[in-house]
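Understanding the architecture of this molecule
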Amino acid sequence: MSTQTSGGINFKKVNDIIDSCGAKKSNLIAILQKVQDEFKYLPQDAITYIGTKIDGLSPATVYGVATFYAQFSLEPKGKYEIKCCDGTACHVRGSMPVYTYLMQRFNLKEGKYTSDDGMFSVETVSCLGACGLAPVVVINGKVYPQMTSDAIKIIIDTIVAQENEG
Amino acid sequence: MTNTLFINGKECEYTNEPNLLEVIRNNGFSVPTFCYRPDLTQYGACRMCVVEIEGRGIQSSCTMPPEPGLKIHTNTEKTRRIRKIVLELLLANHDRECTTCDKSGKCELQKYAQEYGINDIRFAKKKPQDYLPIDNSNPSIVRDPNKCILCGACVRACAEFQGHSVLGFANRGSKTVVQPMAGRALGSVDCVFCGQCQAVCPTGALTIKTDIDRVWDLINDKNKKTAVQMAPSVRVALGEEFGLKPGENVIGKFNAALRQLGFDLVFDTNFSADLTIMEEATEFIERLTKGENLPLFTSCCPAWVRYLETQHPDLLNHLSSCKSPQGMLSPVIKAVVPKYFEDYTEENLYVVSIMPCTAKKAEAVRGQLYSNGRAQTDVVLTTQEIARMLKSAGINLATITPEANDSPFGQYTGAATIFGASGGVAEAAVRTAYEFVTHESLENIDFKPLRGVDKAHRAKEAEIDIKGTKVKVRVVSTLKEAEKSIRELKEGKADFQLLEVMACPGGCVNGGGQPRSCDNSQIKEERAQGLYKEDSELPFRKSHTNPDIIKLYEEFLEKPNSHKAHELLHTTYSDMFKNSYRDLV
């Protein structure tokens, strides 16, 4: 069996994930989630591979599923994944200024959610279930409560400083 | 069992209709639809087929099963209002440049907008900068996403007919589009060019790539000679464009019309269908005798050939090396005609073929079918395109006086004419193969089990005893069905020796280039009947008895599978599997 890579993708890994979940149409979401965990995003080659390998699916169909759900990303995520909650509570307590600050700081726009240096990616999520702490930002799993655009600036500055030292 | 329900106050009977819409239509009432296609699964996307049911309110009739006693109203103020709003919203972000649209006059959106009197759209028109680019990269099909209404008919056709899903939905909500994987060009993915997606498309979002202007240029160029050939199934469908019944054979009128249009020589692809049988039957017998590369796959359908090349290159050795009838006749015309007619040379002779098929356009530009830097078949037109040319030239096919086609390829047999229907190629091949082997006359030449098509496109089989050797023939239409036979073969379970595959449901009579008929499940059967009727009436019904074929071999090709025959009539295939991880799949 070949473990050829194309565009940096190790197909053997994708293949192992498909085997471990079961090569069935109904397991597609689970497969995509695990592939995303592995690569931090869904590479096009992986989508093509999954669509070719599993009966009843095609690359176009898998791509459709991957673009339908907000949980899947088709571009590489940054080293720091910033989730900016925009659920109702966070929204009314001012999540948008935080989000707007992040987008401007990393020079992002709609359709481009990862900074050019690959360090930061920003996305909105619809509720983290921590409404008492609104507005909430989560960076690589760590929760930052009651954010403002000034507070998030300090947090990002700290991360950037750490990165520059290390 | 018969039940009754009420439609617009009238008591109506129904039996096994799958949904209310069919009941309504079968009882002579009409309800508009975009996404509903009787041969595809119900989708319930467009909401045009809404009806009002007493006690149940508004329901989409395409997704609701019939129940006894329902009181249905198809045309109430409420349903009309809903349909009008649906139309208005669809038109709001639609490219409404109707006059320059290929589907103009045949577009269902245009038709219903006109019928429902949509003369003002309240919503702002889409800005030019918001238009998505038109995808022209496919040799057969043009995709214009700005005219897509997201009815999903093409997505279902690709998945349910060809099992292939080259087209899919992407994104969500207002950003939803129908496109190939990751928005790639339709020319760069594994599309087989069958054109069923554009055949079911209600608008101009998917259309046939037209070559009409190239044909006018050939006809108008005084230094060029033009020969035209037309496929079996065109003759039983073209009449529909001129108000004739499906299945009515218009070949004589078509010959006359093509001459009036300005073609110098009018030939019939039926002739080379006979030629195909001569070669393919010989090839089949050879493989049977040697016991190698069985089952033999027919190679007439370019979508099937492309499917094997891109998906199953390991099975290309099963594919007959015979070119398709189109592919055979063009080089034969260019080689033989100059011997019979003065002023004709291989260089100044151009061959136009008229096909029911969009994939033939792609076949014609295959590298293997080029000689001296020129495609052997210079231009391929579909039935729809030739109908448009005839109309623009003011030729009414319905009233023209029939004429015969030209020598030296004037005659054809019944075996050739049934090529247009699923099962025809196999039937024709068996008629000839039997006699080639036994040298006895085959009495009962109607292979009824190979004819017809059911809704599920199930495989058809027949067994024939050739002097003690039992030969099993299998016929499938749609690539989804073909894939099942391929599985059997790969698992070592295939018990058939000849496999005929046509990618379009029901064969070429229902090809992607035929007059639009996607709302009529019966039409492919009616067209096929037209072909079987012609078969039963022709003086010669076995390919090897065609006097012109016999003459061509005597004077030019020597014998089937000879060196000369191989040069002109046979071809090669190539592995086009694209992905680098093939050994993992």
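Note that the coordinates shown come from a computational prediction; the quantities given were computed from them, not determined experimentally.

Cut-off values and rules
- Residues numbered from 1 in each chain as written.
- Chains lettered and ligands numbered in written order.
- Predicted model: local features only at pLDDT ≥ 70, side-chain atom pairs only at ≥ 80, totals over all residues.
- Helix = DSSP H or I, 4+ residues; strand = E, 2+ residues; numbered from the N terminus.
- Rg over C-alpha atoms; globule rule 2.2 N^0.38 Å.
- Buried ≥ 20, exposed ≤ 12 C-beta atoms within 10 Å, placed from the backbone.
- Contact = placed C-beta atoms within 7 Å.
- Pairing = 2+ DSSP bridges.
- Axes fitted to C-alpha atoms, helices over the stretch in contact; angles between N-to-C directions.
- Domains from an automatic or database assignment.
- Core = buried A, V, L, I, M, F, W, Y, C linked by C-beta atoms within 7 Å.
- Left-handed = near helix turned anticlockwise from the far one by under 90°.
- Nonpolar A, V, L, I, M, F, W, Y, C, P; charged D, E, K, R; others polar.

1. So, the overall build of chain B
Counting its regular elements, chain B contains 18 helices and 19 strands. Over its C-alpha trace chain B gives a radius of gyration of 25 Å, about what one expects of a compact globule, namely 25 Å for 585 residues. By residue count, 51% of the 585 residues in chain B fall in the buried class. Relative to all contacts within chain B whose residues are 6 or more apart in sequence, the contacts with residues 24 or more apart total 74%.

2. Considering the sheet that holds strand S12 (residues 296-297) of chain B
Residues and elements named next belong to chain B. Pairing is mixed across the open sheet formed by 4 strands, whose spatial order is S12-S19-S18-S17. The open sheet has two free edges, formed respectively by S12 and strand S17 (460-466), since each of these has just one partner strand. Both S12 and strand S19 (residues 498-502) contribute to a ladder of 2 bridges, which runs parallel. Its bridge partner being in S19, Phe297 is matched across the sheet by Leu499. Where helix H15 (residues 479-490) meets the sheet, its contacts fall on strand S18 (469-477) and S19, and the angle it forms with S18 comes to roughly 145 degrees.

3. Focus: the pairing of strand S1 (residues 3-7) of chain B
Residue and element names in this part refer to chain B. Here S1 pairs with strand S2 (residues 10-14) via 5 bridges, running antiparallel. For Asn3, the partnering residue across the bridge sits in S2 and is Tyr14. In the sheet, S1 pairs with strand S5 (residues 71-73) via 2 bridges, with the strands oriented parallel. Bridged to Phe6 within S5 is Lys71.

4. Regarding the domain arrangement of chain B
Entries for chain B in the domain assignment read domain 1 (3-75), domain 2 (87-208) and domain 3 (213-569). The C-alpha centroid of domain 3 of chain B is placed 40 Å from the C-alpha centroid of domain 1 of chain B.

5. Overview of the nonpolar core
Within the largest apolar cluster, 183 residues are counted, with the highest numbers of intra-cluster contacts made by B:Cys154, B:Trp304 and B:Ala429. A per-element tally of this core places helix H8 (residues 269-290) of chain B first, with 8 residues. Beyond its immediate stretch of four places on either side in the chain, B:Cys154 contacts B:Leu167, B:Val178, B:Cys197, B:Val200, B:Cys201 and B:Leu206. Residues A:Cys84, A:Tyr99, A:Tyr113 and A:Phe120 belong to the second largest nonpolar core, which totals 18 residues.

6. Notes on helix H3 (residues 44-53) of chain A
Burial runs high along H3(A): 8 of the 10 residues are buried. Those residues of H3(A) that sit buried are A:Asp45, A:Ala46, A:Ile47, A:Thr48, A:Tyr49, A:Ile50, A:Gly51 and A:Thr52.

7. With respect to the sheet that holds strand S5 (residues 137-139) of chain A
Residue and element names in this part refer to chain A. Strand order in the open sheet formed by 4 strands is S4-S3-S5-S6, with mixed pairing between adjacent strands. Each edge of the open sheet is held by one strand with a lone partner, namely strand S4 (120-125) and strand S6 (142-144). Taken over all neighbouring pairs, the strand axes of this sheet differ in orientation by 25 degrees on average, direction set aside. Sheet analysis places strand S3 (residues 80-85) next to S4, joined by 6 bridges and oriented parallel. Residue Tyr80 lies in a different strand from S4, and its bridge partner there is Phe120.

8. Let's talk about the packing of helix H1 (residues 11-21) of chain A against helix H2 (residues 28-39) of chain A
Residues and elements named next belong to chain A. Contact geometry for H1 and H2: axes closest at 10 Å, N-to-C directions at 145 degrees. Between H1 and H2 the crossing geometry is right-handed. Touching Lys13, Val14, Ile17, Ile18 and Cys21 of H1 are Ala30, Ile31, Lys34, Val35 and Glu38, all from H2. Taken together, the residues of the contact of H1 with H2 break down into 7 nonpolar, no polar and 3 charged.

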